Amino acid sequence: MSKDKLVIFDTTLRDGEQSPGASMTTDEKLRLARLLEKLRVDVIEAGFAIASQGDFEAVKLVADNIKDSRVASLARASEKDIRRAGEAIAGANAGRIHTFIATSPIHMKYKLQMQPDQVLERAVESVKLARSLCDDVEFSLEDGSRSEFDFMCRITEAVIEAGARTINVPDTVGYGEPGEYGELIGRLIGSVANADKAIFSVHCHNDLGLAVANSLSAVKAGARQVECTINGLGERAGNASLEEIVMAVRTRSDLFDVETGIDTRQIVPASRLVSSITGFPVQPNKAIVGANAFAHESGIHQDGVLKHRETYEIMRAEDVGWKANRLVLGKHSGRAAVRARFDELGIQFANQEELDIAFARFKDLADKKHEIYDEDLQALVSDVRLEKAEDRYRLVDLAVTTGGGKPPRVHLVLQVDGEQCSVDCEGDGAVDAIFKGIEKLVESNSNLALYSVNAITQGSESQGEVSVRLERSGRIVNGTGADTDILQASAKAYLHALNLLLVEGRAHPQREGI
Ligand code: KIV
Ligand code: ZN
């Protein structure tokens, strides 16, 4: 018997980008959208068009370029938001306006300061307006899992009548529990008279670590769209992770009556791209995409896997994009081979200049490191971003002296607004000296909130990937830098974060009043 389709709605570019410090440039969003298209996600939520001019442009760019996935923009239930979303997705092959309003007593009373009937009226007007601009409209009952059931039924029936094709019931604050949340979705589908005219969707946050479990429970109860993100990125503790949902449904096909259209071999490349763009490392023990997800440490496990793989493995590493032999390129690889590999990784360059810079970086790296892996190429692309003409701060030179019982000393040369300047500085360790030196020249008034180093590949010649999180006046940014020399990588990451601090902030969909 054929199975129902489970629609995979990826919101890495919207809810994922709401993670503190995870902001992405327009180019990065397009690069990721292309990889999501290759992954064959059904719907890409490209952003919140009204949030800023940059967000609008990013949604439009994604909508104009992506052909195989539907492209959605989020909009609060207000005329201005919906018209802006409609404008941003007008060029899409297949577009969607995703409008929402909160339906829980606590949100209606304190945040919206509206009566339930006013909320219902606003929801219906919004869906009608959205339908006049786009024939695919999704409506979300924000904080659905804490809403009153009878009101949920009334509003759901009314917005389906007004033309919504997808009804999303978010567990906005990650409060749901799998049994209870699944039951809620099943009851809603069973109680709304016109439920057969819409697809029911879930959108779960991970505050209690239950986002995936809640989503899967809802799928068993009849939900046919899951909203999720790569690596589980998202507001606060994140959203349900796409890779876990997709692989759970596939691996336990004996329990789920649904199948997705996802090309699972693109999962690991997508995870790496999200991690390198956002500077959020993937924890080694993360399911599916963590470095240890398919590694067997204990002798008993290794022995079992060698004798018969299924003794300890429930999925094949290669099915989710881990390559048995991940060596890709070396010093003698030519431009065509490098370009082809970038293409396969879903990495595209905005112009010839960017490709030239990436190729030159590749050659430099190949001189320092014999074997270049996919991960190296992905990190290298993040670095190419730092070559942008509009960047205010750039690293020109860095020399570090340590030893002799003296504190580490750095000589640092930066380009600031096109002018070179230099400083000599000491610190409690080389990294501290570098950051102090940069601050002496730049005086950013920001606080260092996080510093982390990860080896990109195995072995001591691996590049180090550094993440630097800076906070200034409540704004958080994450900078990344990669190099075989982790001190260079640290300086690059700090400067990347400073450049990001200069980019204008955006409105937040759930924190602005309507
Ligand atoms: O978490 C949430 O409720 C959301 C909605 C806007 C869909 O992100
Ligand atoms: Zn959300």
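What counts and how
- In this numbering scheme, every chain counts its residues from 1 along its sequence in written order.
- Labels follow written order: the first chain is A, the first ligand is 1, and so on.
- With pLDDT at 70 or above as the cut-off, local features in this predicted model cover only qualifying residues; side-chain atom pairs require 80 or more to be listed or tallied, and sums for whole chains, interfaces and linings still use all residues.
- Each side-chain value is derived from all of the structure's non-hydrogen atoms; neither hydrogens nor water enter the calculation.
- The numbering of helices and of strands both runs from the N terminus, where a helix is a DSSP run of H or I of at least 4 residues and a strand a run of E of at least 2.
- Our radius of gyration is a C-alpha quantity, and the globule rule it is checked against amounts to 2.2 Å times the number of residues to the power 0.38.
- Any two residues having at least one pair of non-hydrogen atoms within 4.5 Å are treated as being in contact.
- Exposure was quantified through the Shrake-Rupley algorithm and a 1.4 Å probe, taking into account, for residues, occlusion by the shown protein chains and nothing else.
- Neither His nor the chain ends is counted toward charge; the positive residues are Lys and Arg and the negative residues Asp and Glu.
- The atoms used to mark charge sites are NZ of Lys, CZ of Arg, CG of Asp and CD of Glu.
- The pairing criterion is simple: DSSP has to find at least two bridges between the two strands.
- Note on definitions: angles span 0 to 180 degrees between N-to-C directions of axes, and those axes are lines fitted to C-alpha atoms, for helices only across the stretch in contact.
- Each metal site lists N, O and S donors within 2.8 Å (3.2 Å for Na, K and Ca). With water left out of the atoms, a site can look as if it is missing ligands.
- Residues grouped as a nonpolar core are buried Ala, Val, Leu, Ile, Met, Phe, Trp, Tyr and Cys residues, joined through side-chain atoms within 4.5 Å.
- Throughout this description, buried means an accessible area under 20% of the type-specific maximum (1.4 Å probe, protein chains only), exposed means over 50%, and partly exposed covers the range between.
- By definition, a salt bridge exists where a carboxyl oxygen of Asp or Glu is found within 4 Å of a side-chain nitrogen of Lys or Arg.
- Here the aromatic set is Phe, Tyr and Trp, taking the six-membered ring for Trp, and pairing holds for ring centres within 6.5 Å; pairs whose planes are under 30 degrees apart are stacked, those over 60 apart are edge-to-face, and all others are tilted.
- Under this definition, polar contacts are N or O atom pairs within 3.5 Å; protein pairs additionally need one hydrogen-donor-capable and one acceptor-capable atom, and for neighbouring residues in sequence, both atoms have to be side-chain atoms.
- What a helix is expected to span follows from its residue count: subtract one and scale by 1.5 Å.
- Throughout this document, a residue counts as near a molecule or strand when at least one of its heavy atoms sits within 4 Å of that molecule or strand.
- Three residue categories are used. Nonpolar comprises Ala, Val, Leu, Ile, Met, Phe, Trp, Tyr, Cys and Pro, charged comprises Asp, Glu, Lys and Arg, and polar comprises the others, including Gly.

Attention now goes to the overall build of the protein. Within the protein, the regular secondary structure consists of 16 helices and 18 strands. Its C-alpha atoms give the protein a radius of gyration of 24 Å, within 12% of the compact-globule value 24 Å for 514 residues. Expressed as a percentage of contacts within the protein between residues at least 6 apart in sequence, the contacts between residues at least 24 apart total 68%. With the model as given, the accessible surface of the protein reaches about 22,000 Å², and the carbon-plus-sulfur share is 48%. Between the averaged position of the 61 positive side-chain charges in the protein and that of its 79 negative side-chain charges there is a distance of 1 Å.

With respect to topology, eight strands assemble into a closed barrel ordered S2-S3-S4-S5-S6-S7-S8-S9, the strand pairing being parallel. Between one strand and the next, the sheet's axes are offset by a mean angle of 25°, whatever the strand orientation. Here strand S2 (residues 7-10) pairs with strand S3 (residues 43-48) via two bridges, running parallel. Among the inter-strand pairings, Asp10 is bridged to a residue of S3, identified as Ile44. Across the face of the sheet, helix H8 (residues 211-220) comes into contact with strand S7 (166-171), strand S8 (199-204) and strand S9 (225-228) while running at roughly 165° to S8.

This paragraph deals with the environment of Ala94. Within the secondary structure, Ala94 sits in the loop between helix H3 (79-88) and strand S5 (95-102). Considered as a pair, Ala94 and Ala72 are 22 residues apart in the sequence and their alpha carbons are 8.7 Å apart.

What follows covers the coordination of the zinc ion (ligand 2). In this structure, Asp15 (OD), His203 (NE2) and His205 (NE2) serve as the protein donors to the zinc ion (ligand 2), at separations of 2.0 to 2.1 Å. Mapped onto the sequence, the donors of the zinc ion (ligand 2) take the spacing D-x187-H-x1-H.

A few words now on the nonpolar core. Counting residues in each nonpolar core, the largest one holds 98 residues, and the members touching the most others are Ile8, Leu39, Phe139 and Ile167. In terms of residues, this core owes the most to one element, helix H6 (residues 149-162), which gives eight residues. Residue contacts for Ile8: discarding those within four places in its chain leaves Val41, Asp42, Val43, Val226, Cys228, Leu242, Ile245, Val246, Thr260 and Ile262. In terms of nonpolar packing, the next biggest core, distinct from the first, is built from 29 residues, Tyr393, Leu414, Phe435 and Val477 among them.

This model, assessed by the stated rule, comprises 31 salt bridges. Here Asp135 makes a salt bridge to Arg165, at a shortest N to O gap of 3.9 Å. In this pair, Asp135 sits in the loop between helix H5 (116-133) and strand S6 (137-142) while Arg165 sits in the loop between H6 and S7, placing the two residues 30 residues apart along the sequence. Where Asp263 meets Arg265, a salt bridge forms, and the shortest distance between an N and an O atom there is 3.1 Å. Sharing partners across several salt bridges, the network here consists of Arg70, Arg96, Asp136 and Glu138.

Direction of pairing for strand S16 (residues 447-455) relative to strand S17 (residues 464-472): antiparallel, over a ladder of eight bridges. By the bridge assignment for S17, Tyr451 is matched with Val468. When S17 meets strand S18 (residues 475-483), the two strands line up antiparallel, connected through nine bridges. When the bridges of S18 are listed, Gly464 appears paired with Asp483. From the end of S17 to the start of S18, which pair antiparallel, there are two residues, and Ser473 there has a positive phi angle of about 45°.

One pass over the structure, following the stated rule, counts three aromatic pairs. On the basis of an interplanar angle of 20° and a centroid distance of 6.1 Å, the ring pair of Phe359 and Phe362 is categorised as stacked. In this pair, Phe359 and Phe362 both sit in helix H13 (residues 352-368), three residues apart, roughly one turn of the helix. For the pair Phe359 and Phe362, a shared accessibility class is recorded, and that class is buried.

This paragraph deals with the sheet that holds strand S13 (residues 393-403). Taken in spatial order, the three strands make up an open sheet running S13-S14-S15, and their pairing is antiparallel. The sheet terminates laterally at S13 and strand S15 (419-426), the two strands that pair on one side only. For this sheet, the mean angle separating the axes of adjacent strands, direction not counted, is 10°. In the sheet, strand S14 (residues 406-416) pairs with S15 via eight bridges, with the strands oriented antiparallel. By the bridge assignment for S15, Val413 is matched with Ser422. Sheet contacts for helix H16 (residues 486-501): S13 and S14; angle to S13, the most-contacted strand, approximately 145°.

Turning our attention to the side chain of His107. Position of His107 among the secondary structure elements: in helix H4 (residues 105-112). Since its relative accessible area comes to 14%, His107 is described here as buried. Among the polar contacts made by the side chain of His107, one reaches the side chain of Asp143 at a distance of 3.4 Å. When sequence neighbours within four positions are dropped, the list of residues in contact with His107 reads Ala102, Leu112, Glu142, Asp143 and Arg146.

Turning to the side chain of Arg76, a few remarks are in order. Inspection of the secondary structure puts Arg76 in strand S4 (residues 70-76). Polar side-chain contacts of Arg76 include one of 2.8 Å to the side chain of Asp81.

This paragraph deals with helix H1 (residues 26-38). Under the 1.5 Å per step criterion, the end-to-end length of H1 is 19 Å for 13 residues, consistent within 8% with the ideal 18 Å. Every buried residue of H1 is accounted for by Glu28, Lys29, Leu30, Arg31, Leu32, Ala33, Leu35, Leu36 and Glu37. Immediately downstream of H1, the backbone of Arg40 shows phi near 65°, a positive value.

Here the focus is the environment of Val410. Mapping Val410 onto the fold places it in strand S14. The buried category is assigned to Val410, whose relative accessible area is 1%. Non-local contacts of Val410, meaning those with residues more than four positions away in its chain, are made with Leu398, Ala399, Val400, Val423, Asp424, Cys425, Ala430, Ala433 and Ile434.

On to the site of ligand 1. In the vicinity of ligand 1, the residues found are Arg14, Asp15, His98, Phe100, Ser140, Glu142, Pro170, Thr172, His203, His205 and Gln510. For ligand 1, whose free accessible area comes to 260 Å², the fraction covered by protein is 100%. If you list the elements that add at least two residues to the shell around ligand 1, you get S5 and S6. Here the shell around ligand 1 is composed, by residue class, of two nonpolar, six polar and three charged.

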